[in-house]
Amino acid sequence: MSRAVRLQHIEELLIGTSQGYTVQELASKLGVHRTTIWRDLMEISCEAPVQQVENRYLIDRSNYLSSVKLNQSESLMLYLALRRMVRRPSSMPPLMTNVMEKLKLALRNPSAGQLAETIKVLQSEKTASSEQAHVWETLVQAWIEQITVRITYHEAGSADNGEYEVQPYLFEPAVMGEGVYLIGYSLTHDTMWPFHVDRIERAMLTTSRFVRPDDMVVDTILRRIWGLWFGDELTEVRLQFRDPTVASQIRDTLWLPSQKTRDLPDGGVEWSVEVSSVRDLVPWICGWGPSCDVLEPAELREHILELRESIGGISMGTDATQQLSFSRQFYNSLLEEIDGEQIRTCLQCGTCAGICPFGYLMDYSPRKMIAALRAETFDGVMESDMVWMCVSCYACTESCLAQIPLTAGLMTRAKEELMLAGSVPAELQDALEKSQRYGNPLGKSPRQRGDWAKDVHPPVPIMSEIQRPVDVLWFVGDYGSYHPRVQQVSRAIARLFHALGVDFAILGPEETSDGDSQRLAGERGLFEMLATKNARVFEKYQFNEIITGDPHAFNALKNEYPKLGIHYPVRHYTQFLAEHLDDLSGLLTNELDAAIAYHDPCYLGRVNEVYEEPRDLLRAIPGVELVEMAHSREASLCCGGGGGGMWLDGFQWEQSHVRLSEWRVMEAIAAHEEETFASVIPTEKDRERKRKREAVCHTNGGERPRILAVACPYETPRFEDAIKTVDGAETLIVRDIAELLAYAIVAR
């Protein structure tokens, strides 16, 4: 179910209830998560009067008339439906022209322009009389108000008219041919009966009311009604479909209740039915074009051949085989992505599967997913939950020889489909719901977003308090604002800004999650909502550029927000500090005699190609020796926090029994050649192990400490947790580059 269809269904549910629905009830009815319903309710409430009574939601129908909004594809579908109704003006409901005049305003071009031309033709050819208009108005009134109607009906093939009393249940276009049927309970026949509206010569309301059955199922009624198929003399029609694809469609679909099918040796099918009006089948047969051959009757076969010759063999009908499978729909949606056409060029080389950290484990690696798309068996991918092992590290995209946007296109779209289907791990659902409700995945109050800066001196300015333009708007991010360990990094960045005399300020309580990780986890709608909130706040203030310490926020502001029309200059703090390295170098007076292995964050390095600035900053610290791990720069190994991985630790552990952060810590140990580590930058956590480390340092001849440097708020806590579970890593130190620079400026 697409998002637009889901929004429409929610609106229909809210309009059709007097008691209202809870968020959980709506989620159950639509088969999606509560977070999605929260987001949808917020969007619907922007245009409709959604009322909240305690924890239930509804729309008062008496105070609201739903508007019609259609995209290009929907405009075309409505136009085609209208065209089907108006091919024969004499059988067209008299009110149809007025309806089309109004709907023309709701359609988008080119459908609107084509409809306008159709209206002109109808106005010149329309032959409906005032009696016909009166019949329609009477029937519609009887249908709406549930009043029995007395009709005078001209039977097909008869010179006489019949009088019938009918309880109108529904109106339905003819199964074959043109026209509209009134279907209802005929008191005269004492059963359900179809009446062709064009043959109703008079209609008059009675004084008797009726109640439509609550358990009325339209499809069931129609199957029974069309089985009657008016008329006494029946003619057998035999058709042949030799194309196996078309034959499959014919074989699997009930076109008429009396149809029969017979399989042919070449994979085709023979289709037969008995009808009274053979000509009613002509438009349907023409719609199949050369895929359909008429066997009997001979008159019909000759008529179809004449029609095909007169139009040069062109089929003017709609092809029923165009009903797309889920695989084809998903494939088409990928083609709409940036460079989506590249997916056609997949070489099936398997490089993406080999480079993927969890490729060995996934049922469907990117290569297998593309193969499933080509075979139109992508439903199998949706039945597997292993797509959630993807951490959106962009390694597959970086290594793809065909340059296919695997991460942003294939993997993220697959997560979106799983999200719509409600197949989401519980811990990820919780983070997304908190993001929607609180504006951050940690579930913290927005009012507490700036609390980390209360003990920073000099103070950290907040835009709403200083009310003046600044040079730098510092976008702190979720973890930099709320996570206790990452708050230390934020304080270090603040000290660096103050030391350089940067004119900066933060948004504090007005800041909202950048939404990039939520987007990569499949919640594009939530991302757009969060981005819009941030954009509204940005517009309130004046600043020259945005600086952030979060590579995911950096990526969102640089690459994704502009797609929503949100344009601001943005840099990662390492880029900003590297530009001021001359001024900064004069302040780095405190020597740090240490060997440092730098971890390239995926969204700073591989995605945005920022490799040298972080290393330049580390080299500028006196006494530092920079070493490289086995996987570095564009080949860097992911920490496992991206693409929702920060909130999928439990799920991924159950599947793999290993964490990517542990692999990275092992690489850091290997890069330091298994030397002993000791702490020289004590924090609250370090003090507990300080005595042990000093003893280790003494017994090993005063070896230099070994540090794993990072530049992303996801990584500091993830790597420090990994150290606790990796043998031999007890003395490895994890520090953000900002912390190391701040240490080199401020003596212990």
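The structure displayed is predicted, hence computed values, not measured ones.

Secondary structure assignment for the chain yields 33 helices and 19 strands. In the chain, buried positions account for 52% of the 748 residues. If you take every contact in the chain between residues at least 6 apart in sequence, the share linking residues at least 24 apart comes to 72%. On the chain, roughly 34,500 Å² of surface is accessible, and the fraction owed to carbon and sulfur atoms is 49%.

Turning our eyes to something else, we now look at helix H24 (residues 551–560). The periodicity of an α-helix, 3.6 residues per turn, causes residues three or four places apart in sequence to face the same way. Taking burial as the measure, the ten residues of H24 include eight buried ones, the bulk of the element. If you check which residues of H24 are buried, you get Pro551, His552, Ala553, Phe554, Asn555, Ala556, Leu557 and Glu560. Of the surrounding elements, those touching the buried residues of H24 are strand E12 (470–475), helix H22 (516–520), helix H23 (524–538), strand E14 (543–548), strand E15 (570–572) and helix H25 (573–579). Where H24 begins, the side chain of Asp550 points an oxygen toward the backbone nitrogen of His552, at a separation of 2.8 Å.

Tracing the backbone shows Ser490 in helix H21 (residues 484–500). Engagement of the side chain of Ser490 in a polar contact is seen with the backbone oxygen of Gly480, the distance being 2.7 Å. Among residues more than four places away in sequence, those in contact with Ser490 are Trp452, Trp474, Val476 and Gly480.

Our next topic: the packing of aromatic side chains. The relation between two aromatic rings is expressed through the spacing of the ring centres and the mutual angle of the planes. One pass over the structure, following the stated rule, counts 20 aromatic pairs. Between Trp452 and Trp474, the aromatic rings sit 5.4 Å apart at their centres with planes inclined by 70°, giving edge-to-face as the arrangement. In this pair, Trp452 is assigned in the loop between helix H18 (426–438) and helix H19 (463–466) and Trp474 in strand E12, connecting sequence segments 22 residues apart. Neither residue differs from the other here; Trp452 and Trp474 are each classed as buried. When the centroid spacing of 5.5 Å and the interplanar angle of 80° are considered together, the rings of Trp474 and Phe497 count as edge-to-face. Residue Trp474 is found in strand E12, and its partner Phe497 is found in helix H21; the two are separated by 23 residues along the sequence.

This part takes up the side chain of Ser636. Following the sequence through the fold, Ser636 ends up in the loop between strand E17 (624–627) and helix H28 (649–656). Non-local contacts of Ser636, meaning those with residues more than four positions away in its chain, are made with His599, Asp600, Arg606, His631 and Arg664.

In a pair of packed helices, the angle between the axes and the distance between the axes together describe the arrangement. Across the interface, helix H14 (residues 366–374) lies against helix H17 (residues 406–420) with an axial gap of 11 Å and an inter-helix angle of 70°. Compared by their axis directions, H14 and H17 come out roughly perpendicular. For H14 against H17, the interelement crossing comes out left-handed. Each of Pro366, Met369, Ile370 and Leu373 in H14 lies in contact with H17, whose residues at this interface are Leu406, Leu410, Met411 and Ala414. By residue class, the composition of the contact of H14 with H17 is eight nonpolar, no polar and no charged.

Here the focus is the packing of H18 against H23. Between H18 and H23, the shortest axis-to-axis distance is 10 Å and the interhelical angle comes to 30°. As summarised for this structure, H18 and H23 are arranged roughly parallel, according to the angle between their axes. Here H18 and H23 pass one another in a crossing that is left-handed. Contacts between H18 and H23 involve Leu432, Ser435 and Gln436 on the former and, on the latter, Leu526, Met529 and Leu530. A per-class count over the contact of H18 with H23 returns four nonpolar, two polar and no charged.

A few words now on the sheet that holds strand E10 (residues 269–275). Spatially, four strands are ordered E9-E10-E8-E11 in an open sheet, and the strand pairing comes out antiparallel. Both edges of this open sheet fall to strand E9 (260–263) and strand E11 (292–296), since each of them pairs with a single strand only. Averaged over all pairs of adjacent strands, the angle between strand axes in this sheet comes to 25°, irrespective of strand direction. Bridge analysis of strand E8 (residues 235–241) against E11 gives four bridges, and the strand direction is antiparallel. Bridge assignment links Arg238 to a residue of E11, and that residue is Glu296.

Attention now goes to the confidence of the model for the chain. Per-residue confidence for the chain gives a mean pLDDT of 80; residues scoring 70 or more make up 81%. Note that pLDDT drops below 50 for residues 227–232; the model gives that stretch 15 contacts with residues more than four away or on any other chain. Confidence drops under pLDDT 50 across residues 311–324; counting only partners more than four residues distant or on other chains, this segment forms 20 contacts.

This part covers unusual backbone geometry. Trans is the common state for peptide bonds, and a negative phi is the common state for residues other than glycine. The omega angle of the peptide bond from Glu296 to Pro297 is -5°, so this bond is cis rather than trans. By the element assignment, Pro297 lies in the loop between E11 and helix H11 (298–310). The linkage connecting His457 with the following residue, Pro458, adopts the cis geometry, with an omega of 0°. Considering the arrangement of structural elements, one finds Pro458 in the loop between H18 and H19. At Glu54, a position not held by glycine, the phi torsion is positive, near 60°. Along the chain, the position of Glu54 falls in the loop between strand E1 (50–53) and strand E2 (56–59). Residue Glu54 is classed as exposed on the basis of its relative accessible area of 72%. A positive phi angle is found at Glu609, which is not glycine, with a value near 60°.

Attention now moves to the pattern of salt bridges. Evaluation of the coordinates by the stated rule reveals 37 salt bridges. Note that Glu739 is salt-bridged to Arg485, the shortest N-O span being 2.9 Å. Pair noted here: Glu739 is in helix H33 (residues 737–745) and Arg485 is in helix H21, with a separation of 254 residues, a long-range link. Residue Glu739 is classed as buried on the basis of its relative accessible area, which comes to 9%. Between Arg718 and Asp649 there is a salt bridge, with the nearest N and O atoms lying 3.2 Å from each other. With Arg718 in helix H32 (residues 715–723) and Asp649 in helix H28, this residue pair connects regions lying 69 residues apart in the sequence. When its relative accessible area of 7% is taken as the criterion, Arg718 is described as buried. When salt bridges that share partners are traced, they join Asp600, Glu612, Arg615, Glu628 and Arg633 into one network.

With that out of the way, let us pick up the environment of Glu236. Relative to the elements of secondary structure, Glu236 occurs in strand E8. A sequence separation of 36 residues divides Glu236 from Ser272, and the C-alpha atoms of the two residues are 6.8 Å apart. For Glu236, the contacting residues outside a window of four places in its chain are Ser272, Val273, Glu274, Glu296 and Pro297.

What follows is about the pairing of strand E18 (residues 706–710). Burial within E18 is extensive, with five of its five residues counted as buried. Residue alternation in E18 divides its side chains into two sets, Arg706, Leu708 and Val710 and Ile707 and Ala709, and both sets are buried. Bridge analysis of strand E16 (residues 594–598) against E18 gives four bridges, and the strand direction is parallel. For Ala597, the partnering residue across the bridge sits in E18 and is Leu708. Pairing of E18 with strand E19 (residues 733–736) involves four bridges; the strand directions are parallel. Of the residues in E19, the one forming a bridge with Leu708 is Val734. The parallel pair E18 and E19 is bridged by H32, and the resulting crossover is right-handed.

Basis of the calculations
- Residues numbered from 1 in each chain as written.
- Predicted model: local features only at pLDDT ≥ 70, side-chain atom pairs only at ≥ 80, totals over all residues.
- Heavy atoms only, no water.
- Helix = DSSP H or I, 4+ residues; strand = E, 2+ residues; numbered from the N terminus.
- Buried < 20%, exposed > 50% of the residue type's maximum accessible area, 1.4 Å probe, protein only.
- Contact = heavy atoms within 4.5 Å.
- Areas by Shrake-Rupley, 256 points an atom, 1.4 Å probe, with all protein chains shown as cover.
- Polar contact = N/O pair within 3.5 Å; in protein donor to acceptor, adjacent residues only side chain to side chain.
- Phe/Tyr/Trp six-rings, centres within 6.5 Å; stacked < 30°, edge-to-face > 60°.
- Axes fitted to C-alpha atoms, helices over the stretch in contact; angles between N-to-C directions.
- Parallel < 35°, antiparallel > 145°, perpendicular 65-115°, else oblique.
- Left-handed = near helix turned anticlockwise from the far one by under 90°.
- Nonpolar A, V, L, I, M, F, W, Y, C, P; charged D, E, K, R; others polar.
- Pairing = 2+ DSSP bridges.
- pLDDT = per-residue confidence, 0-100.
- Salt bridge = Lys/Arg side-chain N within 4 Å of Asp/Glu carboxyl O.
- Right-handed = clockwise from strand over helix to strand, strands pointing away.

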